[in-house]
Amino acid sequence: MKLDWINRRFAGFGAFQIRWRWAIIAALAVLIIIGLAGLPKLATSDNMEDWFDEYDTIQVNTDRFEALFGNEDQVLVLIRAEDVFDPEVLAVIRDLGAELLEKVPYAKELRSLTDMSVSFGTEEGIDVKSPFEDGIPPAGPEMEEKRAYILSRSSLVNMLVSDDCRETWLSLSLYNYEGENEVEEMYSVGRAAMEIITDPKWQSGKYTLMPSGMAYTEWEERLAVMEETVRRIIGGFVVVVLCLVIFTRSLRGVLVPVLTTIGGIGSVFGAMAHLGISADSNMMTLPVLLAMALSVGYAIHLINAFKFHFRRSGKRKEAIVAAVGETGWPILFTAVTTIASLLSFLAAGIGPLRWVGLTSALAVFAVYFYVILLVPALFSFGKDRQPVDAGALAEGGGTIVDRKFYRLGESLLKKRTPVIVLSFIIIAAFIPGVLGISVNMDYFSFMGKKIPYIARLAEMLEAKIGSLYTYTVMIRYDESDIFKDPREMQNLDALCEDLGRLDITKVSGTRPRVSAVTEIVKEMNRSLNGDDPAFYAVPDDPDLLAQLLFLYEISGGAGLFNRVSEDFSAAAVTVELTGYDANRIAKTVKDAEAAARARFPRGDTAVVGMIASFVEMNNKIVYGELKSFAGSFVIIFILLALAFSSLRVALIGMIPNIAPVIIIGGIMGYAKIPLDMLTMTIMPMLLGIAVDDTIHFITHIKLGLEKTGSYRQGTLDSFGKIGKTLGTTTVILCAMFFVYALSPIAMLFHVGTLAIIGMAAALLADYTLTPLLIYILKPMGKEKQA
């Protein structure tokens with residue numbers, strides 16, 4: 001493919017733009033206004049279920065669980081005090097619980113020291129009631145009697161209340177969310193609970209309230225992420241303006257790229273709002289900042305080319321035509337490869353990644369569209385001027401910096417062998433690190449403890465009865481009344497013991513934090529038998545077991561059908577964990593599944609809950625990363641081969657683009673930076689962006705070869721003509737991602753830092769490997785006289 005012919009076609013397009021510039025400006029102005037008008041209606045969402053398709057096993061099992069047991073989400077408050085049985089603390093627990101029950105949407109049942117169902121033996125049999133049903137007594141013998149009774153209950157000590165009486169839980173169970181948007185319903189729960197719990201009237205030096213639960217923490221996460229999103233986008237816009245001021249040093253050079261940036265981003269997100277498509281709140285900064293950076297990068301290429309030719313000819317319109325002719329093809333091709341790389345995210349099979357890939361691709365296309373149309377149109381206005389003296393334009397560059405890049409090319413060509421050898425040694429040093437990359441969807445890892453609510457959750461996890469991570473084992477039969485059979489209930493009790501012995505099950509004191517309906521049964525059996533601890537067991541008599549369950553139900557005992565289905569065909573066992581370690585948790589979930597199958601070989605068993613979802617998300621991240629990177633690599637290779645009509649050129653072009661990917665992969669492995677929902681986008685995205693400079697370099701070398709017949713002269717002319725521009729666009733990209741590196745959110749910090757390192761490595765590879773390999777291997781054919 002002859003680049004000179006292509007450039008003439010683009011030059012013709014440039015001339016067309018000048019003739020119709022007013023029509024182009026008017027049409028684009030209408031598009032921008034329509035797009036911006038939609039932005040106030042843009043909705044955001046952050047739903048973990050978006051990671052799973054409706055046919056995914058984890059989603060199917062979760063739907064079954066909710067149909068049987070209701071909403072697995074709760075609003076939780078860990079209360080810490082010198083003595084949680086202090087009447088003032090108990091009064092707060094009671095009143096806070098009552099307000100939550102009254103005002104939080106979907107509130108179902110409350111469980112706390114003042115609102116719980118405990119079995120008491122009576123002369124008639126058993127009574128199930130709250131120890132504080134008749135009110136909270138003052139400090140004294142009656143209070144101590146109630147304390148002693150509660151602490152004698154095996155199902156409560158180090159579960160609901162710590163054995164040192166310094167910690168206790170308040171939990172509010174919830175009905176299933178309804179409506180078309182369950183995420184917004186969940187947010188309404190978290191928002192209402194936060195307004196209540198953070199009310200100053202509950203603040204005291206006598207106790208500490210530490211809220212959690214998915215609805216609560218997801219609302220906190222949304223607030224934190226949205227605040228960071230606003231900061232990063234504003235910071236990115238400031239960086240755009242500063243970079244344009246520094247590198248263009250003209251009012252038009254600042255205003256026009258800003259307009260193309262606003263137009264492109266506004267059109268994409270405005271169209272989403274008009275179509276009712278929500279933006280992913282965790283990921284939306286990525287397409288915005290990427291579009292900002294690339295918009296400015298494309299504009300800089302056009303503006304620098306315009307200045308290059310304007311200095312020579314002094315004729316503005318002629319310089320615009322020449323600039324479009326020279327940069328039109330490489331800018332188009334770089335946009336296409338970046339878009340193709342981003343679209344590879346669609347193969348990952350992960351909802352948020354599909355969204356960020358498609359949205360980023362659309363944003364890149366939009367900013368390219370606005371840049372390629374608006375920059376020539378708006379820069380064509382103005383007066384001509386005297387051309388710069390020809391003597392000042394020697395050695396392939398029009399400025400001092402251009403001439404320095406020309407001489408850099410000369411130096412690299414002289415030292416090509418040691419430069420290439422050193423480059424490959426450096427790349428090889430990072431390969432072992434790539435093999436050590438881990439996957440971790442832990443809250444603490446990807447959010448970081450600099451975020452206040454994450455710091456609170458970390459503190460809660462260290463508390464004696466504090467917890468954050470849980471999973472639930474569900475056992476389900478097609479027949480009803482299965483769990484009224486003592487053998488099945490005893491198997492369920494044995495399963496609880498099995499799960500309590502697993503590696504990372506949390507143990508408070510000596511009590512594994514495993515809960516099931518068996519606790520209710522055993523407490524009832526003990527109360528029926530004179531409160532003898534020896535009877536804290538599941539009875540062998542089926543009639544007695546059925547009677548105990550019936551008595552608990554008709555006495556108004558709370559929480560029964562959160563643990564067993566109403567027809568007693570299914571049961572659930574909830575396990576709390578010490579913390580999050582991706583590899584250990586994956587093993588624990590497998591062991592829990594195996595234990596459940598062994599105890600209930602005829603039943604349908606499954607593990608559900610946050611941890612089970614995280615394990616599946618970890619797997620999706622691994623396979624999603626491989627799919628998206630492989631897809632990006634293959635697509636870019638094919639595009640390079642087609643564009644330059646050469647497999648050899650395509651292979652050479654991929655080498656300097658694989659190098660930065662290996663380097664950042666090595667850094668992630670060596671520094672123990674895990675793959676998470678955002679860092680997994682780095683490698684495919686970097687490949688798509690890094691190839692831009694490679695395309696510009698190869699295009700200009702090929703064009704120089706066609707004009708001069710010499711690889712050496714073509715390479716040196718390319719250094720002189722675009723060396724500065726490549727450095728400028730990379731600096732802009734790095735500056736944009738530096739906005740991420742300033743974030744207190746760990747995953748944003750990691751993305752920013754890794755992207756900066758990757759972009760810098762890509763630029764160095766394009767200054768060294770790309771031209772030197774082309775010069776040595778001569779993949780574009782033999783040299784000839786021009």
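Given the structure is predicted, the values throughout are model-derived calculations rather than measurements.

The next subject is the confidence of the model for the protein chain. Mean pLDDT over the protein chain stands at 87; residues scoring 70 or higher make up 94%. Contacts of residues 393-397 to residues separated by more than four positions or lying in other chains number 18 contacts, the stretch itself having pLDDT below 50.

Here R476 shows up in strand 9 (residues 470-476). Within polar-contact distance, the side chain of R476 engages the side chain of D604 at 2.6 Å. In contact with R476, not counting residues within four places along its chain, are R64, L68, S569, A570, G603 and D604.

Their axes nearest at 9 Å, the elements helix 9 (residues 285-313) and helix 11 (residues 351-379) cross at an angle of 25 degrees. Taken together, the axis directions place helix 9 and helix 11 in an arrangement best described as roughly parallel. The handedness of the crossing between helix 9 and helix 11 is right-handed. Tallied by class, residues from the contact of helix 9 with helix 11 come to 21 nonpolar, three polar and no charged.

In this section: unusual backbone geometry. Within the chain, N158 stands out as a residue other than glycine whose phi angle is a positive 60 degrees. Looking at where N158 falls in the secondary structure, it is placed in the loop between helix 5 (141-151) and strand 6 (167-174).

Over its 15 residues, helix 16 (residues 486-500) runs 21 Å from end to end, which matches the ideal 21 Å to within 8%, given 1.5 Å per residue. Along helix 16, 11 of the 15 residues are buried, which leaves the element largely enclosed by surrounding structure. N-cap assignment for helix 16: the residue whose side-chain oxygen lies 2.9 Å from the backbone N of R487 is D485.

One open sheet holds the four strands; their spatial order is 3-6-2-7, and the pairing between them is antiparallel. Two strands bound the open sheet, and with one partner strand each, they are strand 3 (107-111) and strand 7 (207-212). Mean inter-strand twist for the sheet, computed between neighbouring axes without regard to direction, equals 20 degrees. Examined bridge by bridge, strand 2 (residues 74-81) and strand 6 share seven bridges and lie antiparallel to one another. By the bridge assignment for strand 6, R80 is matched with E167. Across the sheet, helix 15 (residues 452-462) touches strand 2, strand 6 and strand 7, and the angle it forms with strand 7 is around 105 degrees.

Next up on the list: the side chain of N71. Within the element layout of this structure, N71 appears in the loop between helix 3 (57-69) and strand 2. Exposure remark for N71: the relative accessible area of 11% places this residue in the buried category. In terms of polar contacts, N71 uses its side chain to reach the backbone carbonyl oxygen of Y175, at 3.1 Å. With residues up to four places along the chain from it excluded, the contact list for N71 reads L174, Y175, N176 and Y177.

What follows deals with the pairing of strand 2. With six of its eight residues buried, strand 2 lies for the most part within the structure. Alignment of strand 2 against strand 7, held across six bridges, turns out to be antiparallel. By the bridge assignment for strand 7, R80 is matched with T208.

Strands sit in the order 12-13-9-14 across an open sheet of four strands; the sheet is antiparallel. Every other strand in the sheet has two partners, leaving strand 12 (514-515) and strand 14 (604-608) as the edge strands with one partner each. Bridge analysis of strand 9 against strand 13 (residues 570-576) gives seven bridges, and the strand direction is antiparallel. Across the sheet, V473 pairs through a bridge with V573, a residue of strand 13.

Before going further, it helps to examine the packing of aromatic side chains. In total, this model carries 21 aromatic pairs according to the counting rule given. Taking 6.1 Å as the distance between ring centres and 65 degrees as the angle between the ring planes, the aromatic pair formed by Y477 and F483 counts as edge-to-face. Each member of the pair, Y477 together with F483, is buried. Ring-pair connections join several aromatic residues into one group, and the members of that group are F405, F697, F719 and Y767. Just above the ring of F381 sits the side chain of R21; from NZ or CZ to the centre is 4.0 Å. Above the ring of Y149, the side-chain terminus of R153 is found at 4.3 Å from the ring centroid.

Time to look at the nonpolar core. F85, Y469, Y471, V473, F483 and V573 are the most contacted members of the largest nonpolar core, which totals 258 residues. The dominant element in this core, judged by the number of residues it contributes, is helix 11, at 18 residues. When near neighbours in sequence (up to four residues on either side) are disregarded, Y471 contacts L499, L502, V573, T574, V575, L577, T588, A592, V607, V608 and I611. Ranked by size, the runner-up nonpolar core spans seven residues in total, among them A570, A572, A606 and V608.

Bringing the packing of helix 10 (residues 316-343) against helix 22 (residues 682-708) into the picture now. It is at 8 Å that the axes of helix 10 and helix 22 come closest, and there the two elements cross at 160 degrees. It follows that helix 10 is roughly antiparallel to helix 22 by the angle criterion. Seen along the crossing, helix 10 lies across helix 22 with a hand that is right-handed. For the pair helix 10 and helix 22, the contacting residues are E326, W329, P330, I331, F333, T334, T337, T338, S341 and L342 in the first and P684, M685, L687, G688, I689, V691, D692, I695, H696, T699 and H700 in the second. A per-class count over the contact of helix 10 with helix 22 returns 11 nonpolar, eight polar and two charged.

As a further point, take the pairing of strand 5 (residues 126-129). Burial along strand 5 is one-sided: the residues I126 and V128 are buried and none of D127 and K129 is. Relative to strand 5, strand 4 (residues 118-121) runs antiparallel, the two being bridged by four bridges. Bridge pairing in strand 5 places V118 opposite K129.

Let's shift gears to the pattern of salt bridges. Taken as a whole and judged by the stated rule, the model has 36 salt bridges. Salt-bridge contacts for D83 lead to R147; the nearest nitrogen and oxygen are separated by 2.8 Å. Within this pair, whereas D83 is found in the loop between strand 2 and helix 4 (87-103), its partner R147 is found in helix 5, the two being separated by 64 residues in sequence. On the basis of relative accessible area, D83 is assigned to the partly exposed category, the value being 23%. Residue R222 is joined to E184 by a salt bridge in which the shortest nitrogen-to-oxygen separation is 3.5 Å. Of this pair, R222 sits in helix 7 (residues 214-248) while E184 sits in helix 6 (residues 182-197), placing them 38 residues apart in sequence. The class for E184 is partly exposed, based on a relative accessible area of 27%. Among the charged side chains, a network of salt bridges with common partners joins R153, E523, R526 and D531.

Procedures and definitions
Residues numbered from 1 in each chain as written. Predicted model: local features only at pLDDT ≥ 70, side-chain atom pairs only at ≥ 80, totals over all residues. Heavy atoms only, no water. pLDDT = per-residue confidence, 0-100. Contact = heavy atoms within 4.5 Å. Helix = DSSP H or I, 4+ residues; strand = E, 2+ residues; numbered from the N terminus. Polar contact = N/O pair within 3.5 Å; in protein donor to acceptor, adjacent residues only side chain to side chain. Axes fitted to C-alpha atoms, helices over the stretch in contact; angles between N-to-C directions. Parallel < 35°, antiparallel > 145°, perpendicular 65-115°, else oblique. Left-handed = near helix turned anticlockwise from the far one by under 90°. Nonpolar A, V, L, I, M, F, W, Y, C, P; charged D, E, K, R; others polar. Expected span 1.5 Å × (residues − 1). Buried < 20%, exposed > 50% of the residue type's maximum accessible area, 1.4 Å probe, protein only. Pairing = 2+ DSSP bridges. Phe/Tyr/Trp six-rings, centres within 6.5 Å; stacked < 30°, edge-to-face > 60°. Lys NZ or Arg CZ within 6 Å of the ring centre and 35° of its normal. Core = buried A, V, L, I, M, F, W, Y, C linked by side-chain atoms within 4.5 Å. Salt bridge = Lys/Arg side-chain N within 4 Å of Asp/Glu carboxyl O.

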